[in-house]
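One-letter residues, chain by chain:
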Amino acid sequence: PPPPPPPLLLLLALTVSSTSPSLVLVCLLLAMDVKPVRTVKVTNVSLSATVQDIKEFFSFSGDIEHVEMQSGDEWSQVAYVTFKDPQGAETA
């Protein structure tokens with residue numbers, strides 16, 4: 001289970017709980033230090049594809065921080081594309 005939220009954010013969540021349940025959820029997520037996703041996993045990538053091919057293919061989504069390629073099986077590989085910001089991963 002995630003660690004308990006810091007007391008300040010927990011107090012804020014308790015204060016607004018009767019008027020805005022959705023704000024409580026936002027406060028608790030902030031307290032849990034949930035980080036936005038910036039990496040997408042791409043499976044079934046051709047064995048002939050290179051890191052440069054993956055960068056070019058996903059460049060429309062946003063600025064890419066790095067690409068990691070791993071063996072998938074005997075017919076394909078897996079690419080992990082990490083964008084500089086979460087919007088890139090959402091667009092991809």
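Just above, that's the structure.
Quick caveat: nothing in here was measured; it's all calculated off a predicted structure. (Residues numbered from 1 in each chain as written. Predicted model: local features only at pLDDT ≥ 70, side-chain atom pairs only at ≥ 80, totals over all residues. Heavy atoms only, no water.)

Visitor: Would you mind showing me how to read the overall build of the chain here?
Guide: Looking only at helices and strands, the chain has four helices and three strands in total. Helices (α) and strands (β) of the chain occur, in sequence order from the N terminus, as α-α-β-α-β-β-α. Out of the 92 residues belonging to the chain, those deemed buried represent 25%. The contacts of the chain with a sequence gap of at least 6 include a subset with a gap of at least 24, amounting to 50%. For the chain, the accessible surface area stands at approximately 6,500 Å², while carbon and sulfur atoms represent 61% of it. (Helix = DSSP H or I, 4+ residues; strand = E, 2+ residues; numbered from the N terminus. Buried < 20%, exposed > 50% of the residue type's maximum accessible area, 1.4 Å probe, protein only. Contact = heavy atoms within 4.5 Å. Areas by Shrake-Rupley, 256 points an atom, 1.4 Å probe, with all protein chains shown as cover.)

Visitor: Explain the pairing of strand 3 (residues 76-83) to me, please; I cannot follow it from the model alone.
Guide: Within a regular strand, side chains alternate between the sheet's two faces. Most of strand 3 is tucked away, with seven of its eight residues classed as buried. The pairing of strand 1 (residues 39-46) with strand 3 spans six bridges and is classified as antiparallel. Counted as the bridge partner of Lys41 is Tyr80 from strand 3. Relative to strand 3, strand 2 (residues 64-71) is paired through seven bridges, and the arrangement is antiparallel. (Pairing = 2+ DSSP bridges.)

Visitor: Can you help me understand the nonpolar core in this one?
Guide: The tendency in soluble globular proteins is for nonpolar side chains to be buried as a group. Val40, Val42, Val45, Ala49, Ile54, Phe58, Ile64, Val67, Ala79, Val81, Phe83 and Ala89 form the largest nonpolar core, which has 12 residues in total. Put simply, the parts of the chain that give this core at least two residues each are strand 1, helix 3 (51-58), strand 2 and strand 3. In this view, Val42 contacts Phe58, Gln77, Val78, Ala79 and Val81; residues no more than four positions away in its chain are not counted. (Core = buried A, V, L, I, M, F, W, Y, C linked by side-chain atoms within 4.5 Å.)

Visitor: Hey, could you run me through the pattern of salt bridges in this one?
Guide: Close approach of charged atoms lets side chains of opposite charge pair. Scanning the entire structure with this criterion turns up one salt bridge. In this structure, Glu65 engages Arg38 in a salt bridge whose closest nitrogen and oxygen atoms are separated by 2.9 Å. On the criterion of sequence distance, the pair formed by Glu65 in strand 2 and Arg38 in the loop between helix 2 (21-31) and strand 1 is long-range, its members being 27 residues apart. (Salt bridge = Lys/Arg side-chain N within 4 Å of Asp/Glu carboxyl O.)

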